[in-house]
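# Working through the structure, step by step
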Amino acid sequence: MSYRFRSWVSLVGVAVIVSACASAGTATSGPTGAAAPTQAAIASQGAAPTTAGATQPAGPAGAGTSSGKACDLLTGDEVGAATSQTGVTAQPLASDNTEGASGCGYVAGASASIAIVLILDPANTNTDPAGYLQLPGSADVPVTGAKAVFVPAAGNVTFVIKGSNVVTIQVLAPAPGEDYQKTEAKLVQKIADRMP
């Protein structure tokens, strides 16, 4: 079974879990059902570039300068350092493959998807960290200037919440000897600093 297929299958399972929670009446206190299907849609795309020859952007210019595009929140080098991968590039995801406002796939080599960052649609996303913490196994992630919650039930995704904005990071290939939460935690502060 291919790596991408396994990731997609696990995320489809998460979509079912989150949908079941929403059906059980927890939708008002937890993440919206849109978060998990969005991650599944991204994983099924495999973080392929949206245009031929897509390259890594020059990188974020600094704190608070995001243009609203997910690829402005982390550089390929930052994701590579956190995951112990080399040659990582950031590739914008086609808007029809996400349910968020913007998505970015981080790819090592020619096709190994190692991380996904998604800016969620503020109109359809819960911005209350307490709602995310109600999901099984969820944990606060230390961050300055924002709130962050690691949610294993959503596919080992960390939600970064700043004002009315929510960004998710999902590492598909953590650094050797680390779990998903620890690798994602290395990137959370950079995302929070660059969120509007």
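The residue numbers shown here count from 1 along each chain, following its written sequence. Local features in this predicted model are restricted to residues of pLDDT 70 or higher, and side-chain atom pairs are both shown and tallied only at a pLDDT of 80 or more, whereas totals for entire chains, interfaces and linings draw on every residue. Water and hydrogen atoms play no part in the side-chain values, which are based on all heavy atoms of the structure.

### So, helix α5 (residues 180-194)
A turn of α-helix holds 3.6 residues, and therefore any two residues three or four places apart point the same way. Secondary structure counts use DSSP, requiring at least four H or I residues in a row for a helix and at least two E residues in a row for a strand, with both numbered from the N terminus. To estimate how far a helix should reach, multiply one less than its number of residues by 1.5 Å. In this model, α5 (15 residues) spans 22 Å end to end at C-alpha, consistent with the 21 Å of a helix rising 1.5 Å per residue. In this scheme, the bend at a residue equals the angle between the axes fitted to the seven residues that finish there and the seven that begin there. At Leu187, α5 shows its maximal bend, which comes to roughly 35°. Think of it in three bands: with a 1.4 Å probe and only protein chains considered, a residue is buried below 20% of the maximum accessible area for its type, exposed above 50%, and partly exposed in between. Along α5, the residues that are buried comprise Thr183, Glu184, Leu187, Val188, Ile191, Ala192 and Arg194. Should any heavy atoms of two residues lie within 4.5 Å, those residues are counted as being in contact. Considering only its buried residues, α5 is in contact with α3 (76-83), β5 (147-151), β6 (157-162) and β7 (165-171). As used in this structure description, the phrase polar contact means that two N or O atoms lie within 3.5 Å; if the pair is within protein, one of them must be able to donate a hydrogen and the other to accept it, and residues adjacent in sequence are counted only when both atoms belong to side chains. A side-chain oxygen of the first residue of α5 lies 3.3 Å from the backbone nitrogen of Gln181; this N-cap is Asp179.

### Quick word on the pairing of β5
Burial analysis of β5 places 4 of its 5 residues in the buried class, the great majority of the element. Each pair of strands is called paired provided DSSP finds at least two bridges between the two strands. Pairing of strand β4 (residues 139-140) with β5 involves 2 bridges; the strand directions are antiparallel. Counterpart to Ala139 in the pairing with β5 is Phe150. In terms of strand pairing, β5 meets β6 through 5 bridges, oriented antiparallel. When the bridges of β6 are listed, Phe150 appears paired with Thr158. The loop that links β5 with its antiparallel partner β6 comprises 5 residues; one of these, Gly155, has a positive phi angle of about 95°.

### A few points about the packing of aromatic side chains
For any two aromatic rings, the description comes down to two numbers: the centre-to-centre distance and the angle of the planes. Whether two aromatic rings pair depends on their centres lying within 6.5 Å, for rings of Phe, Tyr and Trp, where Trp uses its six-membered ring; planes under 30 degrees apart make the pair stacked, over 60 edge-to-face, and the rest tilted. Scanning the model with the defined rule gives 1 aromatic pair in all. Where Tyr132 meets Phe159, the ring centres are 4.4 Å apart and the plane angle is 35°; that geometry is what we call tilted. Of this pair, Tyr132 sits in helix α4 (residues 129-133) while Phe159 sits in strand β6, placing them 27 residues apart in sequence. Of the two residues, Tyr132 and Phe159, both sit in the buried class.

### Description of the confidence of the model for the chain
Predictor confidence is given residue by residue as pLDDT, running from a minimum of 0 to a maximum of 100. In the predicted model, the chain carries a mean pLDDT of 74, and 64% of its residues have values of at least 70. When the criterion is pLDDT under 50, residues 1-66 qualifies, and its contacts beyond four places in sequence or with other chains add up to 114 contacts.

### Remarks on the state of the cysteines
Note on disulfides: each one is a pair of cysteine sulfur atoms within 2.5 Å. Following the criterion strictly, the structure yields 1 disulfide and no others. One disulfide bridge connects Cys71 with Cys104, the sulfur atoms lying 2.0 Å from each other. Between Cys71 and Cys104, the S-S dihedral sits near 95°, and the bridge is therefore right-handed. Within this pair, whereas Cys71 is found in the loop between α2 (35-45) and α3, its partner Cys104 is found in strand β2 (residues 102-108), the two being separated by 33 residues in sequence.

### Concerning the packing of α3 against α5
Running from N to C, α3 and α5 cross one another at 155°; their axes reach a closest spacing of 8 Å. If you check the angle between α3 and α5, you find them roughly antiparallel. The interaxial crossing formed by α3 with α5 has right-handed handedness. Counting all contacts with α3, which are made through Glu78, Val79, Ala82 and Thr83, the residues of α5 involved are Thr183, Lys186, Leu187, Lys190 and Arg194. Between N-to-C directions, angles span 0 to 180 degrees; the directions come from axes that are lines fitted to C-alpha atoms, helices contributing only their stretch in contact. Under this scheme an angle from 65 to 115 degrees is roughly perpendicular, one under 35 degrees roughly parallel, and one over 145 degrees roughly antiparallel; angles in between are oblique. For any pair of crossing helices, the crossing counts as left-handed if the nearer helix is rotated counterclockwise from the farther one by less than a right angle, and right-handed if it is rotated clockwise.

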